[in-house]
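Take a look at the letters that make up each chain.
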Amino acid sequence: MGRLQVLVMLSKAEEKKPQKGAGKKRRHPEEDAGGERKRRGSQEGEKGQGDGGKKRLDALSVGYFRRVGERLSEGFEDDEEREMFVENVLTEVKGKAALVATDRTGSITLQRLLPLSSPQQVGEVLAELGGESGSEFKAVSCDRCGGHVVESAVRQMSRWMESSQKEPSSTAEEEEEGEESCGLLEAQVLALSQVVRDNTAEFIRHVHGSHVVRTLLHVLGGCLGPPRTETRPGGKERSVAPQLTDFEIPTSFWYELKNLTETLMENINLSVTDAVASAVFQTMLTACHRKRPKLCKQLLRRITEYLTSRSAAPGVSPLLVFLKDQASSHLTETIIQLSHKKLLSGLYKNHLKGQLVDLALHPIANFPIQRLTAASAKYKLFLRVFDELVQGVEAILAAGHMGVIVQLAESCAESEERQDEMMQCLLHAFHCAEPGARQVTCLPLFMSLLTYEVYYHSDTTEGKIHTEVPLTSICYHGSRLVQALAKFKGRSLLLSSLRSLSPSDLLSMAADRAGSHVLQALITTSSDKGRGKILKRLEGQYMQMACSRLGSRVLEAVWNSASVSQRQSIAQELVPSESQLRSDQFARHVWAKFALSHFAHRRAHWQEIQTGESKKRKLFSDILE
């Protein structure tokens, strides 16, 4: 009955769609017969060839779940229609949940269906996937498609409070049903965790099963990141840490997380030999750091003790070996990132002191050193880290490990320490410290990460400076470096260098993906007087900036930090080009945000509004200071 009702709903939805494929080539009757034979055979749940005899979902069901997925994309008119649809589809899933979950089409549809299901329904699906004793969880979780379904089901635990906290008008019976509903899902998540604990080594080393363990760690801790998506072949994974959201958990999860982490620690040896297992330990630490800081502190201490107690060459810390290893370096990064002051100081004093430059030059170990530089910025330890790393800045630049240099500058800005030393070190590294006249060229050198001689094609002190060369080779790390230096207390040298650039160079900078961030940072952090000098150089370029995708953003940022008189100068230049500004896809936003119609036709009113905004901005900045 469930499938019939859903098919009726699907056919009604299809009636509304225009027919497709009217001009398709007719199939030969024999082809149709062959297709029918295939369908009949697959309806019996034939064992697939070439996949180890794995039982597969029949073709009719695959088609059915594909149509269900299409129907889900269309949305529902009301909650009642959605609930009826979900219930009917889940009726069809019942009895063959594992087959559906391990089929590509069925898996994708189930992943979309579970968030629309009640916790009770999700619990029932998990119960079937796990079997009576939960022993079936392992096979489904370690399947390429099934693992995603298990993850999606476990993630629905974040909604348990929504169901358990019924509206005040709810009856005692309804509240009890809500608790039972959540109770089933809770029990299944705990059953899954028990299976993971019984088969830890296999789970955490498995490319798909490990993701289920990582999701389980997050859910037991009470935090959740965005759902995992399939990585396209050859595609790059983003290294940015996912944003986590917190939710309330049942008391049982509090204890289960402790049990699971304890079992994982019994397999700590895998964290340094297997990259997949290492990722599980990283997730364990980040989830506990967020939700269970005391537990995290214990785990960090125990993992560090393990890593530093392994045998190594005489006189060499074993930690240095792990820092240089592809599999374990990511774990050491996480440890450094999450370490408290005492642990961090101990790591430096006992294992890393005197080794930082060598590690920063290593193709793998330089990443944990970046984390150390960032983590130490909050403590006095940074002074020792800086004094050691600054000795090898030129060698690190030559090795191309720009992340170390950028992080060093960012930590100087954050800690407000060693800023003058950092600037002088960079001037010498880029060969523009002596003679003094060269210092004004530092900005293009820093942004391009090229030395004076290379940038200006000059072999002698008196070499000719080619002013047309600048700003054609601004790079990402160069931009990041200057943005960090822009936060220094003494940035007069950077501003002098910026003012020495020609107006056309400044325009090129504003329209460059990396350069625009530098220009924005330097202008917006300047004093009114310093900003005025830069804006003077930009006069005549505002129109072109407004019509540029990146330049218009810089112009808006400049406007937001500008004084009333500076805004007036900008508006005065833009207003004569009204028709061009209003017709341009980027400049029309500038016209609206700057209220240039008011400026052109109601100047006094515009002046009054801008003066009010300026006073308000000054008041807020005074409060923040």
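Residues numbered from 1 in each chain as written. Predicted model: local features only at pLDDT ≥ 70, side-chain atom pairs only at ≥ 80, totals over all residues. Heavy atoms only, no water.

### Focus: the overall build of the protein chain
Working step 1: In terms of regular secondary structure, the protein chain is built from 39 helices and two strands.
Working step 2: Of all intrachain contacts in the protein chain linking residues separated by at least 6 positions in sequence, the fraction that spans at least 24 positions is 70%.
Working step 3: Carbon and sulfur atoms provide 49% of the accessible area of the protein chain, an area that totals close to 32,200 Å². (Helix = DSSP H or I, 4+ residues; strand = E, 2+ residues; numbered from the N terminus. Contact = heavy atoms within 4.5 Å. Areas by Shrake-Rupley, 256 points an atom, 1.4 Å probe, with all protein chains shown as cover.)

### Things to note about the packing of aromatic side chains
Working step 1: For the structure shown, the criterion picks out nine aromatic pairs.
Working step 2: For the ring pair Phe382 and Phe386, a centre distance of 6.0 Å and an interplane angle of 50 degrees mean the geometry is tilted. Placement of the pair is Phe382 and Phe386 together in helix H22 (residues 381-389), with a separation of four residues, close to one helical turn. The burial state of Phe382 is the same as that of Phe386; both residues are buried.
Working step 3: The interplanar angle of 75 degrees and the centroid separation of 4.9 Å between the aromatic rings of Tyr455 and Tyr456 together place this pair among those described as edge-to-face. Residue Tyr455 shares its accessibility class with Tyr456, and that shared class is buried.
Working step 4: Site record: aromatic cluster; members linked through ring pairs are Trp559, Phe594, Phe599 and Trp606.
Working step 5: The ring of Phe85 carries Arg71 above its face, with NZ or CZ at 5.9 Å from the centroid.
Working step 6: The lysine or arginine in question, Arg292, covers the ring of Trp254, its NZ or CZ lying 3.6 Å from the ring centre. (Phe/Tyr/Trp six-rings, centres within 6.5 Å; stacked < 30°, edge-to-face > 60°. Buried < 20%, exposed > 50% of the residue type's maximum accessible area, 1.4 Å probe, protein only. Lys NZ or Arg CZ within 6 Å of the ring centre and 35° of its normal.)

### Some points on the nonpolar core
Working step 1: Ranked by size, the top nonpolar core spans 166 residues in total, and within it Leu129, Met284, Ile303, Leu443, Phe446 and Leu574 carry the most contacts.
Working step 2: Looking at this core element by element, the count peaks at eight residues for helix H24 (residues 402-415).
Working step 3: With sequence-adjacent residues up to four places away left out, Phe446 is seen in contact with Met423, Leu426, Leu427, Phe430, Gly478, Leu481, Val482, Leu485 and Leu494. (Core = buried A, V, L, I, M, F, W, Y, C linked by side-chain atoms within 4.5 Å.)

### Quick word on the side chain of Asp584
Working step 1: Structurally, Asp584 is set in the loop between helix H36 (578-583) and helix H37 (587-593).
Working step 2: Within the buried core, Asp584 has no salt-bridge partner, and the shortest N-O distance to an opposite charge, that of Arg588, equals 7.1 Å.
Working step 3: From its side chain, Asp584 meets the backbone nitrogen of Ala587 in a polar contact 2.9 Å long.
Working step 4: Leave out the neighbours within four places in its chain, and Asp584 touches Ala546 and Cys547. (Lys, Arg positive; Asp, Glu negative; His and termini not counted. Salt bridge = Lys/Arg side-chain N within 4 Å of Asp/Glu carboxyl O. Polar contact = N/O pair within 3.5 Å; in protein donor to acceptor, adjacent residues only side chain to side chain.)

### Observations regarding a negative patch on the surface
Working step 1: A surface patch of negative charge is lined by Glu77, Asp78, Glu80, Glu83 and Glu87.
Working step 2: Here Glu83 lies in helix H4 (residues 79-93). (Patch = residues over 30% accessible without salt bridge, like charges linked within 9 Å, V, L, I, M, F, W, Y side chains within 5 Å. Charge placed at Lys NZ, Arg CZ, Asp CG, Glu CD.)

### Overview of the packing of helix H28 (residues 476-485) against helix H31 (residues 515-524)
Working step 1: Taken N-terminus to C-terminus, the directions of H28 and H31 make an angle of 5 degrees; their axes are 9 Å apart at the nearest point. The angle between H28 and H31 falls in the class roughly parallel. Listed contacts from H31 to Ser479, Val482 and Gln483 of H28 are His517, Val518, Ala521 and Leu522.
Working step 2: When the residues that make up the contact of H28 with H31 are grouped by side-chain class, the tally is four nonpolar, three polar and no charged. (Axes fitted to C-alpha atoms, helices over the stretch in contact; angles between N-to-C directions. Parallel < 35°, antiparallel > 145°, perpendicular 65-115°, else oblique. Nonpolar A, V, L, I, M, F, W, Y, C, P; charged D, E, K, R; others polar.)

### Concerning helix H21 (residues 366-375)
Working step 1: Burial runs high along H21: seven of the ten residues are buried.
Working step 2: Buried residues of H21: Asn366, Pro368, Ile369, Gln370, Leu372, Thr373 and Ala375, and no others.
Working step 3: In this fold, the buried residues of H21 make contact with helix H17 (318-323), helix H18 (326-338), helix H19 (341-352), helix H20 (356-360), H22 and H24.

### Comments concerning the packing of helix H13 (residues 209-221) against helix H14 (residues 251-265)
Between two packed helices, what matters for the description is the angle formed by their axes and the separation of those axes.
Working step 1: Running from amino to carboxyl end, H13 crosses H14 at an angle of 145 degrees, the nearest separation of the two axes being 8 Å. Crossing of H13 over H14 shows left-handed handedness. Residues Leu216, Leu217, Val219, Leu220 and Gly221 of H13 lie in contact with H14, whose contacting residues are Phe253, Glu256, Leu257, Leu260 and Leu264.
Working step 2: Looking at the contact of H13 with H14 residue by residue, the class counts come to eight nonpolar, one polar and one charged. (Left-handed = near helix turned anticlockwise from the far one by under 90°.)

### A word on the environment of Thr109
Working step 1: Within the secondary structure layout, Thr109 lies in helix H6 (residues 104-113).
Working step 2: Residue contacts for Thr109: discarding those within four places in its chain leaves Phe65, Val68, Gly69 and Leu72.
Working step 3: In terms of polar contacts, Thr109 uses its side chain to reach the backbone carbonyl oxygen of Phe65, at 2.9 Å.

### Examining the environment of Phe586
Working step 1: Secondary-structure assignment places Phe586 in the loop between H36 and H37.
Working step 2: What makes Phe586 partly exposed here is its relative accessible area of 23%.
Working step 3: Separated by 36 residues in the primary sequence, Phe586 and Leu550 have C-alpha atoms spaced 9.1 Å apart.

### Here's the deal with the pattern of salt bridges
Working step 1: By the definition in use, this model includes 20 salt bridges.
Working step 2: Linking Arg302 and Glu262 is a salt bridge whose minimum nitrogen-to-oxygen distance equals 3.1 Å. Placement of Arg302 in helix H16 (residues 293-309) and of Glu262 in helix H14 is noted, with a sequence separation of 40 residues between them.
Working step 3: With its nearest N and O atoms 3.0 Å apart, the salt bridge here joins Asp387 to Arg418. Residue Asp387 is located in helix H22, and its partner Arg418 is located in the loop between H24 and helix H25 (419-429); the two are separated by 31 residues in the primary sequence.
Working step 4: Judged by relative accessible area, which is 34%, Asp387 ranks as partly exposed.
Working step 5: Residues joined in a network through salt bridges with shared partners are Arg71, Glu74 and Glu81.

### Quick word on the environment of Ser278
Working step 1: Positionally, Ser278 belongs in helix H15 (residues 275-291).
Working step 2: In this structure Ser278 comes out as buried when scored by relative accessible area, which is 0%.
Working step 3: Taking the C-alpha atoms as reference, Ser278 lies 6.7 Å from Ser328; in sequence the two are 50 residues apart.
Working step 4: Beyond its immediate chain neighbours, meaning those up to four positions away, Ser278 contacts Ser271, Ala327 and Leu331.

### Quick notes on unusual backbone geometry
Working step 1: Of note, the bond from Glu434 into Pro435 is cis; its omega dihedral lies within 30 degrees of zero at -10 degrees.
Working step 2: Tracing the chain through its elements places Pro435 in the loop between H25 and helix H26 (442-448).
Working step 3: The backbone of Arg418 shows a phi angle near 55 degrees, a positive value even though the residue is not glycine.
Working step 4: Owing to a relative accessible area of 22%, Arg418 belongs among the partly exposed residues under this scheme.
Working step 5: One non-glycine residue, His431, lies in the positive phi region at around 60 degrees.
Working step 6: As for its placement among the helices and strands, His431 is situated in the loop between H25 and H26.

### Points about H4
Working step 1: Relative to the 21 Å expected for 15 residues at 1.5 Å per residue, H4 spans 21 Å between its end C-alpha atoms, a close match to the ideal helical length.
Working step 2: Those residues of H4 not exposed but buried are Glu81, Phe85, Val86, Asn88, Val89, Leu90, Glu92 and Val93.
Working step 3: For H4, the side-chain oxygen to backbone nitrogen distance between the N-cap and Glu80 is 3.2 Å, and the N-cap itself is Asp78.
Working step 4: In the stretch just after H4, Gly95 is the one whose phi turns positive, near 95 degrees. (Expected span 1.5 Å × (residues − 1).)

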